[in-house]
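Inside the fold
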Amino acid sequence: TVSVHAQVDTKMASDAIGSANKEDGSGPWSAKVAGGYAKTSGNSESSAANLKAEGRYDQDRWHHILGGTAIMTSSAEDRDSPDETTAEAYWAGLKSQYDLTPAWYGFGSIDYYKDRFSAYDYQLYEAVGPGWRILRSEAHKLDVEIGIGAKQVKLKSVADQNEATAWLRENYNWEISDNK
C-alpha cells in the first residue's frame, strides 16, 4: 500500500537551516521550551495544558532537531463532578539534515504521534530525501522537501497498517518583527 503524507511543518523545522556557525559564539546547541495552563470554573469546570520543547545542534553542515509537544484538556459538568479527560495528544520527532550546497540538503526524519481519543494507538513516520531552500531573506524563509518513507500505524480496533509513503513538506517562516 502506498499513501501520500503532506504537512505544513511549523513544529520543528520552520527555521531549520540558519547559519551553522553562529556569529554570536553561543555554540552549536540551542533550545526552546514553551508551555501553558488555563483553568476555568463557574457552572462547569475545565482545564487545558500544553507543553512544547525543541532542541537543536548545528555544526558545520550538520543540523539535528529534536522536538516534542503534549496537549491535555479536561472538564467536569459541575464542581461536584470528577474531571474527565477530553483530549490528550503527544508528538515527538527527530530530524537530521546535511547541507550539500547553500540551497540543497539531504534529510532524514522520524515522527511519533499518539492521540488517546483517535482510532489509532500510535503512528510512526520515517522519511528521507532532498530539500531545497527556495527563499532566504531577512524576513522570509521557505524550504521544500520531497522524499520517500514508511508509516506504521497501530490501530485500536483492527489490524495494524504498514505502508510506504511519499513525502512532501514545506517549511515557511515569516519574521514579522525583530522581537524574538
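This text gives an overview of the structure that appears in the document. (Residues numbered from 1 in each chain as written. Predicted model: local features only at pLDDT ≥ 70, side-chain atom pairs only at ≥ 80, totals over all residues. Heavy atoms only, no water.)

Points about unusual backbone geometry
To keep things clear, this is the line we draw: Per the convention used, a helix needs a DSSP run of H or I reaching at least four residues, while a strand needs a run of E reaching at least two, with both numbered from the N terminus. Relative accessibility thresholds used throughout: buried, under 20% of the residue-type maximum; exposed, over 50%; partly exposed, between the two (1.4 Å probe, protein chains only).
Here the phi dihedral of D60 falls at roughly 55°; this positive angle occurs in a residue that is not glycine. Among the structural elements, D60 can be located in the loop between β3 (45-59) and β4 (62-76). For D60, a relative accessible area of 46% corresponds to the partly exposed category.

Brief notes about a nonpolar patch on the surface
What counts is decided by this rule: Patch membership requires more than 30% relative accessible area and the absence of a salt bridge. Residues of like charge join within 9 Å; the nonpolar side chains Val, Leu, Ile, Met, Phe, Trp and Tyr join within 5 Å. Residue-level accessible areas treat just the shown protein chains as cover; the underlying method is Shrake-Rupley with a 1.4 Å probe. Every case where a carboxyl oxygen of Asp or Glu lies within 4 Å of a side-chain nitrogen of Lys or Arg is listed as a salt bridge.
A contiguous nonpolar patch, built from L100, W104, W132, I134, L135, Y172, W174 and I176 and spanning about 840 Å² of accessible area, is present on the exposed surface. Mapped by element, the contributors of at least two residues to the nonpolar patch are β7 (120-136) and β9 (161-174). Take the nonpolar patch: its biggest share by element is three residues, from β7. Residue placement: W104 occurs in strand β6 (residues 104-115). Of the residues examined, W104 reaches a relative accessible area of 42% and is grouped as partly exposed.

Section: the pairing of strand β8 (residues 140-155)
Just so we agree on the cut-off: Any two strands with at least two DSSP-identified bridges between them are counted as paired.
As defined by bridge partners, β7 adjoins β8 across 13 bridges and the pair is classed as antiparallel. Among the inter-strand pairings, L135 is bridged to a residue of β8, identified as L142. What sits between the antiparallel neighbours β7 and β8 is a turn of three residues. Here β8 folds back onto β9, and the loop between the two strands holds five residues.

Points about the packing of aromatic side chains
Short version of the rule: Each Phe, Tyr or Trp ring, with Trp reduced to its six-membered ring, pairs with another whose centre is within 6.5 Å; inter-plane angles below 30 degrees give stacked pairs, above 60 give edge-to-face pairs, and intermediate values give tilted ones. Only when the NZ atom of a Lys or the CZ atom of an Arg is both within 6 Å of the ring centre and within 35 degrees of the ring normal do we say a charge sits over the ring.
Taken as a whole and judged by the stated rule, the model has six aromatic pairs. Ring geometry for W62 versus Y98: centroids 4.9 Å apart, planes at 55°, classification tilted. Taken together, the residues span a long stretch of sequence, with W62 in strand β4 and Y98 in strand β5 (residues 84-99) at a distance of 36 residues. Owing to a relative accessible area of 29%, Y98 belongs among the partly exposed residues under this scheme. Within the aromatic cluster, the residues linked to one another by ring pairs are Y113, Y125 and W167. In this structure, K95 is placed above the aromatic ring of F107, and the distance from its NZ or CZ to the ring centre is 5.7 Å.

A word on the pattern of salt bridges
A complete count under the given rule lists nine salt bridges for this structure. Among the salt bridges present, the one from D121 reaches K114, with a minimum N-O distance of 2.7 Å. Linking E145 and R169 is a salt bridge whose minimum nitrogen-to-oxygen distance equals 2.9 Å. Linking E145 in strand β8 with R169 in strand β9, this pair joins segments that are 24 residues apart in sequence. One exposure class covers both E145 and R169, and it is buried.

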